[in-house]
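Single-letter residue listing:
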Amino acid sequence: MDKTMDINEYLGEVLVSREEIQKKVKELAAQITEDYRGKKLILIGVLKGGFVFMADLVREIKIPVEMDFIAVSSYGSSTKTCGVVRLLKDIDVPLNDKHVIIVEDIIDTGLTLTYLKEMFSSRNPLSLKICSAFDKPSRRLVDLKAEYQGIVIPDKYVVGYGLDYDGILRNLHDLYILNEKVIDK
Ligand code: PRP
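Residues numbered from 1 in each chain as written. Predicted model: local features only at pLDDT ≥ 70, side-chain atom pairs only at ≥ 80, totals over all residues. Heavy atoms only, no water.

### A closer look at the environment of Asn124
Topologically, Asn124 is positioned in the loop between α4 (111-121) and β6 (127-135). Counting along the chain gives 40 residues from Asn124 to Val84, while the straight-line C-alpha distance between them is 22 Å. Apart from residues lying up to four places away in sequence, Asn124 is in contact with Leu95 and Asn96. (Helix = DSSP H or I, 4+ residues; strand = E, 2+ residues; numbered from the N terminus. Contact = heavy atoms within 4.5 Å.)

Right under this line is the structure:
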């Protein structure tokens, strides 16, 4: 795949603008600020896609908050729907004395977060919730809902704001529909 074209050639229409995204980020951060005042909170960002949202979200949260990251990858595309997730990088701290929010860029089938919820639950945090920038409920294979739900989007191939196409296009402020013409290149 050619990864050197002009960035606009990869893109279709803007699905969610940077203004809408930032509005939602502020809303979610305000809610988290209110809900966790006086509580020991850690946000765990899921790499790679979650890093852009995490960076924006934490800067809008107005209480002390710890943060860490995990890296996961599914075992190849064919096994993605089996929910088999490989942990590439774990967090460095215990969770038993903390309230935890997992921060994701998008929830699709819900399998990744189901796995992560189970994994973190076994470490006995004081509470465990999910915050996601985007959500595709129509793709869900398991019953999973984010307590801090971001923007609901239709089942389109989207890129930008952390979401990639073959590793690129994460660095866009807005969420775009991928230009279908690039898929076979
Ligand atoms: C994406 C996204 C979630 C997961 C959601 O990650 O960041 O982690 O897929 O899909 P699910 O609800 O169907 O499990 P991806 O595997 O593309 O890795 P990346 O974040 O490194 O791009």
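### Details of the nonpolar core
One finds Ile32, Leu43, Phe53, Leu57, Ile101 and Phe134 to be the most contacted residues of the largest nonpolar core, which totals 29 residues. The set of elements that each furnish at least two residues to this core consists of α1 (18-35), β2 (41-47), α2 (51-60), β5 (99-107), β6 and β7 (148-152). Setting aside residues up to four positions removed in sequence, Leu43 forms contacts with Met54, Leu57, Val58, Ile61, Val65, Glu66, Met67, Asp68, Ile101 and Val103. Judged by nonpolar contacts, the second largest core, of 19 residues, contains Val46, Ile91, Leu116 and Leu128. (Core = buried A, V, L, I, M, F, W, Y, C linked by side-chain atoms within 4.5 Å. Buried < 20%, exposed > 50% of the residue type's maximum accessible area, 1.4 Å probe, protein only.)

### What about the environment of Val72?
Relative to the elements of secondary structure, Val72 occurs in strand β3 (residues 66-74). A sequence separation of 51 residues divides Val72 from Ile21, and the C-alpha atoms of the two residues are 24 Å apart.

### Section: α1
With 18 residues, α1 ought to run about 26 Å at 1.5 Å a step, and its terminal C-alpha atoms sit 26 Å apart, in line with that. Ile21, Val25, Leu28, Ala29, Ile32 and Thr33 are the residues of α1 that are buried. Taken end-on, α1 shows its buried residues confined to a sector of 140°, consistent with a single buried face. For α1, the exposed residues set more than 90 degrees away from the buried face come down to Glu19, Lys23 and Glu34. (Expected span 1.5 Å × (residues − 1). Arc of directions from axis to C-beta.)

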